[in-house]
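Below are the chains, spelled out letter by letter.
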Amino acid sequence: MRKQPQFSAGKTKASVAWFLPVLLTAYSGAVAAQEETPPIFVDRVEVNVVNIEVFVTDKDGRPVAGLTEDDFEVFEDGNPVEITNFFTVEQPEVLEEIVETGELPERSIQSAGPKLLPADQRLNLVVYVDQFNLRPFNRNRVLESLEEFLENRIRSGDNVMLVSAYRGAEIVQPFTRDRQAVIDGLREMQKQSTYRQMDEARIRQTIRSMQIAAGQGRAKSARAYLRSYVQEAQANVRRSAMALRDSVRSLGGLPGRKAFLYVSEGLPQRPGDELYQQLQAIFGTAAGLQDAAGPGEDMNPSSEALAEDQTRLFGRVVREANAHQVTFYTFDATGSTGTSHLSAEAGGTLISGSGGRTAFDAVRQHNLQQPLIEMAETTGGRSVLNTFDFDDALDDVAANFDVFYSLGYSPPEGGDDEFHRIEVRLKNDSGLRVRHRTGYVDKRPEERIADRTVSTLVFDLEKNPLGVAIEFGRAEKQGRDKYHLPVLVRIPIRGVTLLPNGEHEEGRLKIFVAVKDDEGAISDLHTTDYPVRIPHASLDEARGKEIGHTLTLLVRGGLPKVAVGVWDELSGVDAFVHKQVRVGGNEGSG
């Protein structure tokens, strides 16, 4: 099986060491400092639009079409805001395919006459299969249902990406509209390893160990077995949640609508919650456990279980999703209720008290499903639970993609980097139900540029109105498989906005740099301010020159890729480019 690039924001394998900025082929006075001249001040209004996907259904859950802008009202933090953008999409059809350019097709919008779906309304669909929290037979059942669903999405012009997560998250198939590539990726994921069956074996072992210890009157030992499992489960759920969060974060700069179809058998909101209740049941009551433990020992399973709550951890995932306008559709691959999560062979280890296997399963199911529900509801999506009919569930999800309303407004604060609550209402109380994300983070312009730089690195996006170029020098070995890689960022001065300030023309740039090695690890994003000051008398000469920003990356040998984002603060124009280079062996640009 070929190794795929991985999402990884927490593990850094590339660091940045700076040389002095120079103008290699540029006018040497472009960044000359003039302390006696006050810095230029420009009051530039940053126009940012918050787009909300709104789904309206009747009492039977059927999508409702035909509403207009006048039917809606929007509130941010309880205050009404004016709707400035409105689209309604009803069963869109592909009008034109531009295969040779790699662009998505335009799609019809059945509202106020024929229109073309704008780029910011096209769908990017991520199918994220959490192998670590799945069992093979449940996973394969969902993936088989996904084949036809994704084939239809591709026909509709959507971009599809497949991600498989075990210890980390790896891209099995980058965004594509190639039907066969998606099917091949789904079948490849069916062959990969899963972990949930091993986790459940650990639970069975823990229950049995607790029962043996209880039979010997060793309450402290029973609790120790439980704590050992809980600590392992905590580490696993944090790893899973952070991989999920980092994958969502990488979508931040991706234009268009973003839907995240998350397939797992749930994530524990309180790792070991069902085992804490089992421990109490083994000893009869909490008081019985305390008596068995002896004086001076504090044994309270209920309070310990509450202390394991991971709501804040999953809140980080939701925050990233709402910050980047990603909608979650969560699938519990376990299927219908009624069968024990621990299978028949666990029967000998589960006691009959407190409801026995049924009570244990009920607690475990609630514990695993609650994060799925929260991630979907707070981002405006749907959770699919307790069903084996995944084909029907996917049809319902497709209706969400194809019949919806998009409402846009300009945020009152304008880049305060804070979370704001959103509420959308229908003006007439018609008994219809409205669903949408609960809020968003109003990111500063710098944060949006940073997000787009990382997305450029992950998804090979490119936008370059400033004419930015990247060049590499010869890498120098620094140790075992580590190299210093010189990088030059070239920016033509003719594209930089300059304003008069005293005897100079002045501009302000921000440069963002990140690197990904060929194992998929992504460095921390490095940002630098780059002031530009040119004497009036030299302006014509400088227009034909370039700014050169030099830096050195510490990278592993292989094929690292560098992404650069440049933001012209005065004009608001941004540019994003990326380039790959071979380091070690026969070096040269990729």
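That block above? That's the structure.
Residues numbered from 1 in each chain as written. Predicted model: local features only at pLDDT ≥ 70, side-chain atom pairs only at ≥ 80, totals over all residues. Heavy atoms only, no water.

Asker: So, the overall build of the protein chain: which residues are in play, and what are the values?
Answerer: Scanning the protein chain for helices and strands turns up twelve helices and 28 strands. Intrachain contacts of the protein chain at a sequence separation of at least 6 include 76% that bridge at least 24 residues. Carbon and sulfur atoms make up 46% of the accessible area of the protein chain, which amounts to about 25,800 Å² in all. (Helix = DSSP H or I, 4+ residues; strand = E, 2+ residues; numbered from the N terminus. Contact = heavy atoms within 4.5 Å. Areas by Shrake-Rupley, 256 points an atom, 1.4 Å probe, with all protein chains shown as cover.)

Asker: An account of the pattern of salt bridges is requested, with residue identities and associated values reported.
Answerer: Under the criterion given, the structure shown has 32 salt bridges. Across the pair Arg-364 and Asp-199 runs a salt bridge whose closest N-O atoms are separated by 3.5 Å. Within this pair, whereas Arg-364 is found in helix α9 (residues 356-379), its partner Asp-199 is found in helix α3 (residues 196-215), the two being separated by 165 residues in sequence. The class for Arg-364 is buried, based on a relative accessible area of 3%. For Asp-199, a relative accessible area of 10% puts it in the buried group. A network of salt bridges, in which partner residues are shared, links Arg-135, Asp-199, Glu-200, Glu-265, Glu-274 and Arg-364. (Salt bridge = Lys/Arg side-chain N within 4 Å of Asp/Glu carboxyl O. Buried < 20%, exposed > 50% of the residue type's maximum accessible area, 1.4 Å probe, protein only.)

Asker: Before we move on, could you go through helix α11 (residues 445-459) and cite the residues and values that matter?
Answerer: Look at α11: 21 Å from first C-alpha to last across 15 residues, which is about the 21 Å you get at 1.5 Å a residue. The buried fraction of α11 is high, at eleven of 15 residues. Pro-445, Ile-449, Ala-450, Asp-451, Arg-452, Thr-453, Ser-455, Thr-456, Leu-457, Val-458 and Phe-459 are the residues of α11 that are buried. Following α11 by one or two positions, Asp-460 has its phi on the positive side, about 60 degrees. (Expected span 1.5 Å × (residues − 1).)

Asker: If you had to explain the sheet that holds strand β5 (residues 79-81) to someone new, which residues and values would you point to?
Answerer: One open sheet holds the four strands; their spatial order is β5-β4-β16-β18, and the pairing between them is antiparallel. Each end of this open sheet is capped by a strand with a single partner; those strands are β5 and β18 (439-441). Within the sheet, the average angular offset between the axes of one strand and its neighbour, ignoring direction, is 35 degrees. Bridge count between strand β4 (residues 72-76) and strand β16 (residues 419-426): five bridges; the pairing is antiparallel. Residue pairing across strands places Val-74 opposite Val-424, the latter belonging to β16. (Pairing = 2+ DSSP bridges. Axes fitted to C-alpha atoms, helices over the stretch in contact; angles between N-to-C directions.)

Asker: Can you lay out the packing of helix α1 (residues 136-155) against helix α2 (residues 179-189) for me, pointing to particular residues and giving the numbers?
Answerer: Packing of α1 against α2 leaves a shortest axis separation of 10 Å and a crossing angle of 170 degrees. In terms of orientation, α1 lies roughly antiparallel with respect to α2. Of the residues in α2, those touching α1 at Arg-139, Leu-143, Leu-146, Glu-147, Leu-150, Glu-151 and Ile-154 are Arg-179, Val-182, Ile-183, Leu-186, Arg-187 and Met-189. A breakdown of the residues in the contact of α1 with α2 according to their chemical character gives eight nonpolar, no polar and five charged. (Parallel < 35°, antiparallel > 145°, perpendicular 65-115°, else oblique. Nonpolar A, V, L, I, M, F, W, Y, C, P; charged D, E, K, R; others polar.)

Asker: Provide a residue-level description of unusual backbone geometry, including the pertinent values.
Answerer: For Asp-460, which is not a glycine, the phi torsion comes out positive at approximately 60 degrees. Inspection of the secondary structure puts Asp-460 in the loop between α11 and β19 (469-472). Despite not being glycine, Asp-481 has its phi angle at roughly 60 degrees, a positive value. Following the sequence through the fold, Asp-481 ends up in the loop between β20 (476-479) and β21 (482-492). Look at Asp-481 and you get partly exposed, because its relative accessible area is 34%.

Asker: Give a description of α3 that names residues and reports values.
Answerer: The end-to-end C-alpha separation of α3 is 29 Å, in line with the 28 Å expected for 20 residues at 1.5 Å each. Turning to α3, its buried residues are Arg-196, Asp-199, Glu-200, Arg-202, Ile-203, Arg-204, Thr-206, Ile-207, Met-210, Gln-211, Ala-213 and Ala-214. Remark: Gly-217 follows α3 within two positions and exhibits a positive phi of approximately 75 degrees.

Asker: Pulling in residues and values, what's your account of the packing of aromatic side chains?
Answerer: Counted under the stated rule, the structure contains 13 aromatic pairs. The interplanar angle of 40 degrees and the centroid separation of 5.8 Å between the aromatic rings of Tyr-128 and Tyr-262 together place this pair among those described as tilted. Of this pair, Tyr-128 sits in strand β9 (residues 123-130) while Tyr-262 sits in strand β12 (residues 257-264), and the two are 134 residues apart along the sequence. Grouping residues by exposure puts Tyr-128 and Tyr-262 together as buried. (Phe/Tyr/Trp six-rings, centres within 6.5 Å; stacked < 30°, edge-to-face > 60°.)

Asker: For the nonpolar core, give the residues involved together with the corresponding values.
Answerer: Formed by 35 residues in total, the largest nonpolar core has its most connected members in Tyr-128, Leu-251, Phe-260, Tyr-262, Phe-328 and Met-375. In this structure, Phe-260 is in contact with Val-126, Tyr-128, Leu-244, Ser-247, Val-248, Leu-251, Val-326, Thr-327, Phe-328 and Tyr-329, ignoring residues within four places of it in sequence. (Core = buried A, V, L, I, M, F, W, Y, C linked by side-chain atoms within 4.5 Å.)

Asker: Give a description of the pairing of β20 that names residues and reports values.
Answerer: In terms of strand pairing, β20 meets β21 through three bridges, oriented antiparallel. Opposite Glu-476, over in β21, you have His-484 as the bridge partner. Here β20 hands over to β21 after two residues, with Asp-481 in that stretch at a positive phi of 60 degrees.

Asker: Go over the sheet that holds strand β6 (residues 85-90), please, and point to the residues and values.
Answerer: Strand pairs in the sheet, formed through backbone hydrogen bonds, run parallel or antiparallel to each other. Read from one edge of the open sheet, four strands run β6-β15-β3-β17, paired in antiparallel fashion. Each edge of the sheet is formed by a strand with only one pairing partner; in this case those strands are β6 and β17 (433-435). Direction aside, the axes of adjacent strands within the sheet are offset by 25 degrees on average. In the sheet, strand β3 (residues 50-57) pairs with strand β15 (residues 403-409) via five bridges, with the strands oriented antiparallel. In the strand pairing of β15, Asn-51 is matched with Gly-408.

Asker: Residues and numbers for the pairing of β4, please.
Answerer: In the case of a regular strand, side chains alternate between the two sheet surfaces. The buried fraction of β4 is high, at four of five residues. With three bridges connecting them, β4 and β5 associate as antiparallel partners. Following the sheet pairing, Phe-75 is matched in β5 by Pro-80. Count of turn residues in the β4/β5 antiparallel hairpin: two residues, of which Asp-77 carries a positive phi of about 50 degrees.

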